[in-house]
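# Examination of the molecular architecture
Here is what each chain is made of, one letter per residue.
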Amino acid sequence: MTYVLAQYTIRSKQEYIFRSNRVTEIIGASDNITRSWDILFEQAEKLFEQSGAPGKKTLRLADQKEFHISEIAEAFRTNTLHMVELFRGGGNETILFDSYDSYIKVNKTFSYYLLKKYPGLIPMAVCSEYTGDYQHDYTCLMQEADREKNRMISGQSDFILPFSMMDRNTFQPYSCIEKYEDELVRLTAEAQVKRKRGQEISREAPEVQILDNMITAKGEESLLAVIHADGNNMGVKISKMLEGKTDYDTCISKMREFTETTADAFSIQGVKALEKCRDTLQEKYKGKYEEGAFLFRKIITDGDDMTFVCNARFAMEYVQAYLKSVQDYQEKNKSEWMYSSCAGICIFHSHYPFSRAYFMAEQACENAKKKVHGKQKEIIEEGWLDFHYIHNGIGGDLGGVRKRQMTDRCIARPWLITGGETGNILHYDRLTELNNLFNEYHVSRSDIKTIGNEFADSLSCGRQELIRVNGHHKGLEKKIEEKYSDQEQLLKILYDLSEVYDLWFKEG
C-alpha cells in the first residue's frame, strides 16, 4: 500500500476575511479559517466511525509525543490508523494518509461540510506519493500546490436569479434578515456565518465590539490604525534547517519544533507584548483618555502573521513592543532560531472601509520587507516599518496612491525599528531625535507642518522654509548641520515627522 503526503490550505484567505467591512464579520471569518483544520479532523473522525471499525483512526498533534515513521507504518498496516497530522504552519495543514483512497474520502467529506456550513471557505488539497525521502516528497508536494493554485478559481460566486437582492460589495444574494441595533440588516449566507462567530467572540470582550470605542474622544479624534506584521525569511530558515536531512523522523521532528516555536514567538509572546504595552499605556496616560482608547483588537494571528487594530495615537508604541518582542525571542527563550518581523501601519478614520485600510497596511508591510529581502545572501534579522495615513478616498495600491499624491519622493520611510545599527540614518530613533531637537529650540507645530507641506510642493520650497525656520531660532541651523549632512534626506525625515506629528509626537 502506498502512503500519501498531503497538504491542505484555504484559498483566498484575505479575500474571504476582508470581503466585508464589518469588523464583527472580519473577526468571525478569521476564526473560521483558524478552526478549519480542527473541522477537518472532526469530519474525518466521523467518516471513519461510520465504517464500523473501533477507534478514531486519526492522530492529531496534541495526541503525539514523538514522530516515528516505523510506528505509523505499523498502525497503517494493522488498519488502526488512516491519517496522522505531521505539522501545522503558515496557514497550512500537512498530513500523512495510509492510502490515496482515504485521502479522497476525507476530502469529499470535508469539502461538502464546508460548502454547507461555511459558504465562502474554499479548501485546497494536494498530495504526493510517499517515498521515504521527505525532501523529495515535499518538493513534489509544493510543485503540485503551485499547479493546483493556477487551476483553481480565486474566489467563490453564487448564482443569482434575476429577481434576487444582491450584496453590492460581494455580489452574493441576500439569504436572511437580522436585527442589529434596532435596525434590520440583510445578510448573505457567507456573512451570516461570519457574523455569528464574530458575535460569539465579541461577547468575551464586549468593550471592543465597535471600533468607535477605541477612539480617544468622539467628535474630536476618530482615527484608528490597522497594523499588519509578517515574519522575515521564514522559507529560507526552513531550507537551511532541513539542509542535508531527508528521513521523515528527523525532518518532521524539526518542522514540528520550528512551527511550534514560531507560533510562540509571533502569536503567543507577541500578543503578551501587546497586552503589556496596553497596561503600560493605561498607567502612563491614566485619566487623560477614555479606557477604550488603550484597547487593541486581534484580527489575525497565524504563525508569523499578525494583524490587529488599535487607536492611531498609540499605534507606534504597539508596533515597537511587538517587533521588539519578536526580535528578542531567541535570547529570552534560548531558541535555536532567531526571528524578526516587519510591519505596516494604515491610519484611517473609524468609519472608513476597514478592508481597504487593511490592504494598505499589508502593502506597507511588503514595502518594509524589501529592506530585509535585498541582494545579500545572508539572512537579515531587522524589523522595519512603513506607514500610510489615509487623508482622502483615493483608491488603488499604495505605490499608485503615493505617486498620484506626489508624496513618493518626499518620504524617508520605511523606518528601522529593531536590529541593525542604531546609527542608521533611517533608524526610528533619528525621527525622535529630530523631534527632541525641535522641542529644545521651541520650534512650533505650525512650522514643522509648514516645512512638510512646502517640501511636498518641491525640494526648493522645502529648503526655503527650512531656512526661514532656522533664521527664527538661533543656533538651530548649526545643530542640524552637525547631525544631518544631507539636506534632502533631512527634509524627507521632516516630512514623515510632520505627517504623524499630532499623533505620535505632540503631547496632549
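Residues numbered from 1 in each chain as written. Predicted model: local features only at pLDDT ≥ 70, side-chain atom pairs only at ≥ 80, totals over all residues. Heavy atoms only, no water.

## Notes on the overall build of the protein
Scanning the protein for helices and strands turns up 18 helices and 13 strands. Taking 2.2 N^0.38 as the reference for a compact globule, 508 residues should give roughly 23 Å; the C-alpha atoms of the protein span a radius of gyration of 26 Å, in line with that estimate. With the principal axes as the frame, the protein shows a C-alpha extent of 90 × 60 × 40 Å. In the protein, which comprises 508 residues, the share counted as buried stands at 52%. In the protein, of all internal contacts separated by at least 6 residues, the share reaching a separation of at least 24 is 70%. For the protein, the computed accessible surface area is about 24,500 Å², with 48% contributed by carbon and sulfur atoms. In the protein, 67 side chains carry a positive charge and 78 a negative one; their mean positions are 2 Å apart. (Helix = DSSP H or I, 4+ residues; strand = E, 2+ residues; numbered from the N terminus. Rg over C-alpha atoms; globule rule 2.2 N^0.38 Å. Buried < 20%, exposed > 50% of the residue type's maximum accessible area, 1.4 Å probe, protein only. Contact = heavy atoms within 4.5 Å. Areas by Shrake-Rupley, 256 points an atom, 1.4 Å probe, with all protein chains shown as cover. Lys, Arg positive; Asp, Glu negative; His and termini not counted. Charge placed at Lys NZ, Arg CZ, Asp CG, Glu CD.)

## As for the sheet that holds strand β8 (residues 223-231)
With respect to topology, 6 strands assemble into an open sheet ordered β9-β10-β8-β11-β12-β13, the strand pairing being mixed. Edge positions in the sheet fall to β9 (296-302) and β13 (415-418), since each of these pairs with one other strand and no more. Between one strand axis and the next, the sheet turns by 20° as a mean value, whatever way the strands run. Here 9 bridges tie β8 to strand β11 (residues 341-349), and the two strands are oriented antiparallel to one another. (Pairing = 2+ DSSP bridges. Axes fitted to C-alpha atoms, helices over the stretch in contact; angles between N-to-C directions.)

## Quick word on the pattern of salt bridges
Enumeration according to the criterion identifies 32 salt bridges in this entry. Salt-bridge contacts for D38 lead to R60; the nearest nitrogen and oxygen are separated by 3.7 Å. Of this pair, D38 sits in helix α3 (residues 36-49) while R60 sits in the loop between β2 (58-59) and α4 (69-77), placing them 22 residues apart in sequence. Residues joined in a network through salt bridges with shared partners are D38, E45, R60, E85, R88 and E93. (Salt bridge = Lys/Arg side-chain N within 4 Å of Asp/Glu carboxyl O.)

## A word on the nonpolar core
In this structure, L96, I345 and W504 are the most contacted members of the largest nonpolar core, which totals 100 residues. The next biggest cluster of nonpolar side chains, apart from the first, holds 47 residues, and it includes A6, I39, Y103 and Y358. (Core = buried A, V, L, I, M, F, W, Y, C linked by side-chain atoms within 4.5 Å.)

## Here's the deal with the sheet that holds β2
Sheet architecture is open: 5 strands sit in the order β2-β3-β4-β1-β5, paired in mixed fashion. Edge positions in the sheet fall to β2 and β5 (122-129), since each of these pairs with one other strand and no more. Packed on one face of the sheet, helix α5 (residues 100-117) meets β1 (4-11), β3 (83-89), β4 (92-97) and β5 and runs near 175° to β5.

## Overview of the environment of H82
On the secondary structure map, H82 appears in the loop between α4 and β3. Between the alpha carbons of H82 and H136 there is a distance of 22 Å; along the sequence they are 54 residues apart. Looking at H82, its side chain comes within polar contact range of the side chain of D98, at 2.8 Å. (Polar contact = N/O pair within 3.5 Å; in protein donor to acceptor, adjacent residues only side chain to side chain.)

## Focus on the confidence of the model for the protein
When the pLDDT values of the protein are averaged, the result is 88; 91% of them are 70 or greater. Mean pLDDT in the protein bottoms out at strand β6 (residues 174-180), which sits at 78, and peaks at helix α10 (residues 315-327), which reaches 97. (pLDDT = per-residue confidence, 0-100.)

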